[in-house]
Amino acid sequence: QVQLVESGGGLVQAGGSLRLTCASSGRTFSNYNMGWFRQAPGKEREFVASITWSSGFTSYVDSVKGRFTISRDNAKNTVSLQMNSLKPEDTAVYYCAARGRGRPSYDYWGQGTQVTVSS
């Protein structure tokens, strides 16, 4: 089992920044590719960003490219999402997720952290 706990959410004005952090415990963190997802009220959960176990490859949804940066620290068992130039449409609950190497889907999810961007 992998336990994931997100932190860093909050209320910010448009154009501001937040840094989300996800702390992992349980199985070896470096065995997992990590991702961030978000779900806005009345909408389906959507992929935001991902990073491979070795940090060798990152991926982003088009709407956050150039504004968000995903990173990980395998020594600290954490993955972060630096969010800059925030927009009201970034308002959502943000979830951290873990996917085992070679696995087709994310197996473990955090409880989520709320991000609210005011206009």
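Residues numbered from 1 in each chain as written. Predicted model: local features only at pLDDT ≥ 70, side-chain atom pairs only at ≥ 80, totals over all residues. Heavy atoms only, no water.

Draft legend 1. Quick look at the pairing of strand 4 (residues 32-39). Burial of strand 4 is extensive: seven of the eight residues sit out of reach of the surface. Pairing geometry for strand 4 and strand 9 (residues 92-100), over eight bridges, is antiparallel. Note on strand 9: the bridge partner recorded for Arg38 is Tyr94. Pairing of strand 4 with strand 5 (residues 46-51) involves five bridges; the strand directions are antiparallel. Looking across to strand 5, one finds that Arg38 is bridged to Glu46. Between strand 4 and strand 5, which pair antiparallel one after the other, the connecting turn spans six residues, and Gly42 there sits at a positive phi close to 75°. (Buried < 20%, exposed > 50% of the residue type's maximum accessible area, 1.4 Å probe, protein only. Helix = DSSP H or I, 4+ residues; strand = E, 2+ residues; numbered from the N terminus. Pairing = 2+ DSSP bridges.)

Draft legend 2. Seen up close, the packing of aromatic side chains. Counted by the stated rule, this structure contains five aromatic pairs. Seen in terms of ring centroids, Phe37 and Tyr106 are 5.0 Å apart; in terms of plane orientation they differ by 80°. Their pairing is edge-to-face. One end of the pair, Phe37, is in strand 4; the other, Tyr106, is in the loop between strand 9 and strand 10 (108-109), with 69 residues separating them in the sequence. The pair Phe37 / Tyr106 is uniform in exposure class, with both members buried. Cluster of aromatic residues (ring-pair linked, three or more members): Phe37, Phe47, Tyr106 and Trp109. Positioned above the aromatic ring of Trp53 is the side chain of Arg101, whose terminal nitrogen or guanidinium carbon lies 3.7 Å from the ring centre. (Phe/Tyr/Trp six-rings, centres within 6.5 Å; stacked < 30°, edge-to-face > 60°. Lys NZ or Arg CZ within 6 Å of the ring centre and 35° of its normal.)

Draft legend 3. View of the pattern of salt bridges. Scanning all chains against the criterion turns up five salt bridges. For the salt bridge of Arg67 with Asp90, the shortest nitrogen-to-oxygen distance reads 2.7 Å. Remark: Asp90 occurs in the loop between strand 8 (78-83) and strand 9 and Arg67 occurs in the loop between strand 6 (58-60) and strand 7 (68-73); sequence separation between them is 23 residues. In terms of burial, Arg67 and Asp90 fall into one category: buried. Between Arg103 and Asp107 there is a salt bridge; the shortest N-O distance is 3.0 Å. Via salt bridges that share partners, Arg38, Glu46, Arg67 and Asp90 belong to a single interconnected network. (Salt bridge = Lys/Arg side-chain N within 4 Å of Asp/Glu carboxyl O.)

Draft legend 4. Main features of the state of the cysteines. Tallied over the entire structure, the rule returns one disulfide. Disulfide pairing is shown between Cys22 and Cys96; the S-S distance is 2.1 Å. In this structure the cystine formed by Cys22 and Cys96 twists about its S-S bond by roughly -75°; its chirality is therefore left-handed. In this pair, Cys22 sits in strand 3 (residues 18-26) while Cys96 sits in strand 9, placing the two residues 74 residues apart along the sequence. (Disulfide = S-S within 2.5 Å.)

Draft legend 5. Molecular detail of the side chain of Thr78. Tracing the backbone shows Thr78 in strand 8. Residue classification places Thr78 among the buried positions, given a relative accessible area of 18%. In contact with Thr78, other than residues within four places in its own chain, are Thr21, Cys22, Ala23, Phe29, Arg72 and Asp73. (Contact = heavy atoms within 4.5 Å.)

Draft legend 6. Region of the structure containing the nonpolar core. Residues Met34, Trp36, Val79, Leu81, Met83 and Tyr94 are the most contacted members of the largest nonpolar core, which totals 29 residues. Those elements that provide at least two residues to this core are strand 1 (2-7), strand 3, strand 4, strand 5, strand 7, strand 8, strand 9 and strand 11 (113-118). For this core, the leading source of residues is strand 9, giving four residues. When near neighbours in sequence (up to four residues on either side) are disregarded, Met34 contacts Leu4, Phe29, Ala49, Ser50, Ile51, Ile70, Arg72, Val79, Cys96, Ala97, Ala98 and Tyr106. (Core = buried A, V, L, I, M, F, W, Y, C linked by side-chain atoms within 4.5 Å.)

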